[in-house]
Structures are given as C-alpha cells and as structure tokens.
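Listed here are the chains, written in short residue letters.
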2 protein chains.
Amino acid sequence: MTVTAPAGFEAAGVAAGIKASGAADLALVVNRGPKQAAAAVFTSNRAKANPILWSEQAIVDGTVAAVVLNSGGANCFTGPAGFQVVHRTAEAAGAVLGVSAGDVLVCSTGLIGEQLDGDVLEAGVRLAASGLAADGGADAARAIMTTDTRPKTVVVDGAGWRIGGIAKGAGMLAPGLATMLVVLTTDAELPAEVLDAALRRATRVTFDRLDSDGCMSTNDQVTLLASGASGIHPDHEDFADALTRACADLARQLQDDAEGAGHAIAVEVQGAVSEDEAVEVGRAVARSTLFKTAVFGNDPNWGRVLAAIGTTRAAFDPYEVDVTMNGVRICHAGQPDRPREEVDLTPRDTHVLIELHAGDATATILTNDLTHDYVHENSAYSS
Amino acid sequence: MTVTAPAGFEAAGVAAGIKASGAADLALVVNRGPKQAAAAVFTSNRAKANPILWSEQAIVDGTVAAVVLNSGGANCFTGPAGFQVVHRTAEAAGAVLGVSAGDVLVCSTGLIGEQLDGDVLEAGVRLAASGLAADGGADAARAIMTTDTRPKTVVVDGAGWRIGGIAKGAGMLAPGLATMLVVLTTDAELPAEVLDAALRRATRVTFDRLDSDGCMSTNDQVTLLASGASGIHPDHEDFADALTRACADLARQLQDDAEGAGHAIAVEVQGAVSEDEAVEVGRAVARSTLFKTAVFGNDPNWGRVLAAIGTTRAAFDPYEVDVTMNGVRICHAGQPDRPREEVDLTPRDTHVLIELHAGDATATILTNDLTHDYVHENSAYSS
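Residues numbered from 1 in each chain as written. Chains lettered and ligands numbered in written order. Predicted model: local features only at pLDDT ≥ 70, side-chain atom pairs only at ≥ 80, totals over all residues. Heavy atoms only, no water.

**Brief notes about the domain arrangement of chain A**
Residues and elements named next belong to chain A.
- Domain annotation of chain A identifies domain 1 (2-256) and domain 2 (264-380).
- The C-alpha-based centres of domain 1 and domain 2 are spaced at 32 Å.
- Of the residues lining the interface, 14 residues belong to domain 1; the matching set on domain 2 comes to 19 residues.
- Regarding the contact of domain 1 and domain 2, the summed buried area is about 1,400 Å², with carbon and sulfur atoms giving 35% of it.
- The three residues of domain 1 that bury the most area against domain 2 are R209, D211 and Q255, which together make up 47% of that side's buried surface.
- Summed over the shared surface of domain 1 and domain 2, the number is 13 residue pairs in polar contact (both at pLDDT 80 or more).
- Of the residues that constitute the side of domain 1 that touches domain 2, the class distribution is three nonpolar, four polar and seven charged. (Domains from an automatic or database assignment. Contact = heavy atoms within 4.5 Å. Buried area = accessible area lost by both parts, 1.4 Å probe. Polar contact = N/O pair within 3.5 Å; in protein donor to acceptor, adjacent residues only side chain to side chain. Nonpolar A, V, L, I, M, F, W, Y, C, P; charged D, E, K, R; others polar.)

**Thoughts on the layout of surface pockets**
- In this model, the largest pocket occupies a volume close to 1,800 Å³.
- Lining the largest pocket are 47 residues; nearest its centre among them are G214, R283, A284 and R287 of chain A together with R287 of chain B.
- Elements that contribute at least two residues to the lining of the largest pocket include exactly α7 (275-286), α8 (289-296) and α9 (302-309) of chain A together with α7 (275-286), α8 (289-296) and α9 (302-309) of chain B.
- Along the lines of polarity and charge, the residues of the lining of the largest pocket split into 19 nonpolar, 10 polar and 18 charged. (1 Å grid on protein atoms, 1.4 Å probe; cavity = no way out; pocket = protein on both sides within 12 Å on 5 of 7 lines; lining within 4 Å. Points joined across faces, edges and corners; volume = space filled by probe spheres on them. Helix = DSSP H or I, 4+ residues; strand = E, 2+ residues; numbered from the N terminus.)

**Considering the environment of V183 of chain A**
Residue and element names in this part refer to chain A.
- By secondary structure assignment, the location of V183 is in strand β8 (residues 181-186).
- Sequence separation of V183 and I166 is 17 residues, and the distance between their C-alpha atoms is 5.5 Å.
- Among residues more than four places away in sequence, those in contact with V183 are V3, V29, V67, L69, G164, G165, I166, T223 and L225.

**Examining the sheet that holds strand β9 (residues 221-226) of chain A**
Residue and element names in this part refer to chain A.
- Strand order in the open sheet made by the five strands is β3-β9-β8-β7-β6, with mixed pairing throughout. Here the strands that pair on one side only, and so sit at the sheet edges, are β3 (37-42) and β6 (152-157). Neighbour-to-neighbour, the strand axes of this sheet turn through a mean angle of 10°, independent of strand direction.
- Direction of pairing for β6 relative to strand β7 (residues 162-168): antiparallel, over a ladder of six bridges. Among the inter-strand pairings, D157 is bridged to a residue of β7, identified as R162. (Pairing = 2+ DSSP bridges. Axes fitted to C-alpha atoms, helices over the stretch in contact; angles between N-to-C directions.)

**Regarding helix α2 (residues 79-97) of chain B**
All names here are of chain B.
- Between its first and last C-alpha, α2 extends 28 Å over 19 residues, near the 27 Å set by a 1.5 Å rise per residue.
- All of the buried residues along α2 are G79, G82, V85, V86, T89, A90, A92, A93, G94 and L97.
- The positive-phi residue at the C-terminal boundary of α2 is G98, with phi of around 70°. (Expected span 1.5 Å × (residues − 1). Buried < 20%, exposed > 50% of the residue type's maximum accessible area, 1.4 Å probe, protein only.)

**Side note on the interface of chain A and chain B**
- Across the contact, 56 residues belong to chain A and 56 residues belong to chain B.
- Taken over both partners, the interface formed by chain A and chain B buries close to 4,500 Å², and the fraction arising from carbon and sulfur atoms is 56%.
- Taken together, chain A and chain B are joined by two salt bridges.
- Linking E114 of chain B and R340 of chain A is a salt bridge whose minimum nitrogen-to-oxygen distance equals 3.0 Å.
- For the pair chain A and chain B, the number of links is 19 residue pairs in polar contact (both at pLDDT 80 or more). (Salt bridge = Lys/Arg side-chain N within 4 Å of Asp/Glu carboxyl O.)

**A short note on helix α1 (residues 50-58) of chain B**
- When we look at burial in α1 of chain B, the residues that qualify are N50, P51, I52, W54, S55 and A58 of chain B.
- Elements in contact with the buried residues of α1 of chain B: β3 (37-42), α2, β5 (104-108) and β9 (221-226) of chain B.

**Here's the deal with the sheet that holds strand β1 (residues 9-14) of chain A**
All names here are of chain A.
- Read from one edge of the open sheet, four strands run β1-β2-β4-β5, paired in mixed fashion. Each edge of the sheet is formed by a strand with only one pairing partner; in this case those strands are β1 and β5 (104-108). Across the sheet, the mean angle from the axis of one strand to that of its neighbour is 10°, orientation sign disregarded.
- Bridge count between strand β2 (residues 26-31) and strand β4 (residues 66-70): five bridges; the pairing is antiparallel. Along β4, the bridge assignment pairs V30 with A66.
- In this fold helix α2 (residues 79-97) packs onto β2, β4 and β5, with an angle of close to 135° to the strand it touches most, β5.

**Considering the packing of α7 of chain A against α9 of chain A**
All names here are of chain A.
- One can describe the packing of α7 onto α9 by two numbers: an axis separation of 8 Å at closest approach and a directional angle of 130°. Regarding the angle of α7 to α9, the classification is oblique. Seen from above, α7 lies across α9 with right-handed handedness. Here α7 contributes V281, A284 and V285 to the contact with α9, which in turn contributes V305, A308 and I309.
- For the contact of α7 with α9, a count of residues per class yields six nonpolar, no polar and no charged. (Parallel < 35°, antiparallel > 145°, perpendicular 65-115°, else oblique. Left-handed = near helix turned anticlockwise from the far one by under 90°.)

**Describing the environment of P80 of chain A**
- Tracing the chain through its elements places P80 of chain A in helix α2.
- Along the sequence, P80 of chain A and L225 of chain A sit 145 residues apart, while their C-alpha atoms lie 28 Å from each other.

**Some details on the pairing of β5 of chain B**
Residues and elements named next belong to chain B.
- With five of five residues buried, β5 is to be regarded as a mostly interior element.
- Alternating residues of β5 divide into V104, V106 and S108 and L105 and C107, and every residue in both groups is buried.
- Sheet topology places strand β4 (residues 66-70) next to β5; five bridges connect them, and they run parallel. By the bridge assignment, N70 is partnered in β5 with S108.
- Assessed by its sense of winding, the connection that carries the chain from β4 through α2 to β5 is right-handed. (Right-handed = clockwise from strand over helix to strand, strands pointing away.)

Right under this line is the structure:
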C-alpha cells in the first residue's frame, strides 16, 4: 500500500514513454485531504536540477496537493527550456486535478544534461491522473525506479494514524541526501511547521547518514504530505519518532540495493566529543576507496580505517583508537590486537566499530563496498 | 643516475629480506658532502607512521647525512616496538656510516599494522652500506617500489649544478602528499632554510595536486638533500623553479603508474576567484567516483562534473560554468553545448577543462580513473 496506506491519498504509476525501454517512468501521488499540509527537504548540492528549483518555491507555503515524479531524465542543466518543462508538468497536474500548479511538486531522476519532452510529460501526467487509485502506491513505487533492482516501501503505524512511504535511489547515495526521491504520506493531522521539524529531524539521522559512494545528487528530494484524514493530532514527539523509523527503514533499503554493492556496511563511531565529529569520522571511512575495496575483498584492513580517520579534524588521539570488525577487535590503542584472520567479512552485513576514546558522542554512517559491479554499472552506462 | 646524478651522493638498493618475494626492499641514499643541508615535508595525515615521527624530529636541525627507505612494511600503528625498530635502523646506519643517528631519516612503505623485524632492517642497512656506489641511484629507485610497475627517476640540470630524484607511489596518491616516498638530491650549495622554502613551494603545486584516489597515506615523505659539491650557490628562484620541474616530472610519473589506472586525467580549473578555490573545485571532481568511473568507460559525462563541483563552497554560478573534455566544449553556461559523441576519451591522457567564469585564478589537479584493475589490486591484496 505504501504511500496509499494512510487515509486520504491516491497514487498511480505509468509508462509515459520517457524511458526508451517502455518501463514505468512516471508516478503521481495525490493528497485528497481534508488537509494538504506538507514539508520537503532538498539536495544541498548547489547544482540544483530544474524540478528542485521549482519545488523549493512551491513548498514555501506549506501546502502541497500532489507530487509528480519521473524517472528517465534528471532535467538538470537543461536551462530555461528545462524549467519550462517542469512548469508545464505542474500546470498539467494542476489542471487535471483541479488544484493550483503552485501546489504541485515535481521530482525527476535520470541522466543530467538531457532535455525532457514536455509533451510526453504532460500526456504522462494525464494518463497517471486517470489511473489514480487508493491502492496505487505500489505502482508509484515501481515507476520511480532507475537502477534500483526492487521498489522500496514502508508503512509505520501510529495510534490511529499511519505513515507510508516510497523511495528510489541506488546511485549517488550521499550526504545532504542522495539521488533519492522519497515521498512520505500520513493521515495524521499536523500543521506544516510541525511536519517540517519532524522531517528535518528524521532525515538528519537517516538519509543524511547514508553515504554509498560519496557523490551528492542534483535532484534529491524528500517530501512529506499530511492529509489529516485520520482526524488525529498525534503527539509531536511520537510522530517524529515514527517518521524517523520510516526514514531509517527506507534508508536501509536504499543502502541494501545500492549499485553494485557486495556489502552493506555500518560504520559506527563511538567516543567522539560531539555527534558532528562522530559523523565526520564515520564519513571519512565511508568515503575511503581503499577501505571500501578492502571490504569487497573480505580483508579486515584496519590500517586503512585509521589512515582515513587521520585525515579528519575530529578530536582524538590516533594512538588510542580501537577498531572492531564484525565483533573482533583487531586494533587496540592504535596497535594490532586480535589476528586479522579471526574476522569473517563474508556476510553481506558488515559492522565496523571505531572507538575514539575522546568523548561520549556516537553516530553511524551507512555505506557500501566498492566493487567490480559498481565500476561496471557506472562506466558502461550513462546515468 | 637519479639521486646520484648530482655530485656528492652515493646510493644502494638491496634485498634485505623484508619482502617475502625476495625482491629488493631497502634503499640507502648518502650525502658525502661537503655540506649536509636538507629539508623534508611529511604527510599531513594525523595518523603518522613511526618513521615519520622519527624523521620529523631528525630534520629539525636541517642536517641530514643519509636516508634509509624500506618497502615491504609501513611500520605504522605498530606502537613503541615499531618506533624502536626505526631508532635501531637509524642507529645502524649512523654506526656504519660514521654519522649521528639523528642525521639519518627513515622512510617506510607497505602494509599498516605489521611489525618490521629490527634484525632484518639492521642487516639490510649494513648490506646496503657495503654496496654504496656513486652510480647506485637506479638500484635505490628499484628497491623502494611496491605496486609500482616501474621505477620513477628524474634529473634536472642547472647552471653548473644539478637536481636528481627517485620516487615510489602507486596507491594512496592524495593531498598532503600520498604514499609517496621521494628523495631529491642536489649538488647546489644552499642552506637548509632555502631548501625548505623551495621544497614547500615545489610540492604545493606538484605532489599536493596529485590526487589519484582521494586517500591520504600515513607514510608520505619527500626529502631534499644538498651536498654543496658543485660549489655553486644558485639563485634561489632558479633553484626553486628547477626543483618544481623535477617534482612535477616525478608527480606525472606517479600519476601515470597509479594502481590500475586506465586514464591519466588532468582536471584544469580556470576562472576561479582564488587558487585555493580552483584546487577545491578540481579536487572535488578528482574525487568523484562517478566521474572517475565515467572516464574509465570513455563516457564524457559532464553532468557528473557539475554535480561534483556543486558540492564545493567555491564562488561560481553553476549555471555559468563551461566544461570541455579533450578539446570539445560539451557544456556551456550550465547547458548542453557540443554533442557528447564528439568527445574521444580513448586516449590515456585525458584533459578536463572547467571554466568557472568567476575570477582569474587557475589550478590543475592530476588524477586517475576508477577501474576494474584498481578494485582488483586493492581488494585482492592487503597493502
């Protein structure tokens, strides 16, 4: 049911003809109300795609009636013509749904620097609108897939209210979000500013800590729509916690389906003086190509972990650090501890624990190994 | 002739038995004077190997009589026992050469977190000292190789004086130097502070702009030894220029022999407001795994270039940027320009020109593509 699990939403996913393959490539998620409160977070990349430029303005009033999402083209670095295509898409959705174009968000994903065909988008929006259904969430989840091998969906239940979500993203998973498009829905009744605070709190510790390949997308967008159809006003903390669980679940699915990944690696940093420094240390490891290739080779090369964290400005003494991989402490106080041979890195889920012994803060970064399949997927095809 | 091309130097390279393969693994470079002025720069990684901790102290007085370099082990994160091995190595060289151990620098390269055998190092130093020769530079260049496929050497002639050099490094080539060990020699007569200034000026625009895989080593060291044997005091500018040429030549050799590289990529940034920002922009591109895999696949994916530079804080408008690959401008003012098909990325030497249109500063970062061979070399073998 995904985004249509909460009451008040309809969705559709169709093949609009954007992808040459003929696969589904356009999704529509509509909030039927009675409320249309919304919040959204966007890529922090300064190179923002045209749909981001549009949606950043459209969300300002905290009201969103619908989200149009397309795969098959990022509509980024396509100039005024590209922006016009976004505008036309929103106008088409607004017209067919009887809402203002300014209440329609647009999300795109695919190759940068290629124009999308406005006629195709407009016809796709009409086709999707004609197929809107209260159980259309699964179709929408499939229509936004690019190199994803499976749709990503989530449902979290509250006390009389619910959160549903869909996500795509398997390439540029990185900080400040990633090429991820996420739509979350809820039938809880909450004003836009509460949604915004909850969404920022949730993404900060979930999507923002997913760093598959260190590359930041131009098109990331996470949108939260609230219909109020349950008539229930949940406690703000409870709602934010549930939203965080939903985002964490989707982030974990994105990590698990990252392009060409052989391992899903959790880099847990403990004993930092601040959460920000824990994140900095974890991210340095997650971005070390030497560390990532070692994990691909099932090599518990803790020297590459220490070489990576030595490049950060976080407070710690490299010669007091412990490193544990999959439960075996192989480095203690910056020196060899248990034999490397005791570490089994063959399971897909990999845990690297770095104890800095500098403070009490902790953070976990989710990443992937660097594999032949990653190189193949990103060199053999334009994306 | 390499480091023994300038007058006043002897060198040797021997198989000390550090490498299980029996290949040459220990080099000795000796400055016979009459002067023994020197300068050195070290990795900026906070996780510094034991030979770095030793050499940073030994260089303080600006006098160096000899440099011992070993491959087959980094002697990093090996604790007090590892530091003791460095001390013993320097003592052994001092004793056999009749100089103070405090005038002996030590450089190591290889796997982190493994103890070196002090007996083996000490015997190796004696063996090397017995083989010192005025034409021993080529042997020294070979003995410091790890995954290098060929030795790297340079000779630059001045007016009656000369600079020679050897280098190794094919793995962690990154900012603040890389796993590179470099020894430069000159028979010019210059005091240590002039050598230091010239060396920092040269490395800043050469080795520091070589960023093969974004990973910074724990063991980088570049040492410059001046014998004064020519009796000539060159103009300081002339000397710094010649030293920069020597370093640029070696940096280019390191780039060309980087692990698993299919392309040697020069990322040239023009129109930045400052040289620092030009470097920041170039480095962001050089570190984008998506850009690097695209080049491996001969795909002129300029969208990945713009997505990478959009993550920097440098002053420019992404929608004014031009990108030219191998002479074809494929992006103009943040929009598609010439067709991608016109770009031929099959040559090994690849030129990416990024015009920011924000100022007058420029910088070039040297990097490599991300290939199957890179993943293989760094996953199948511990290093």
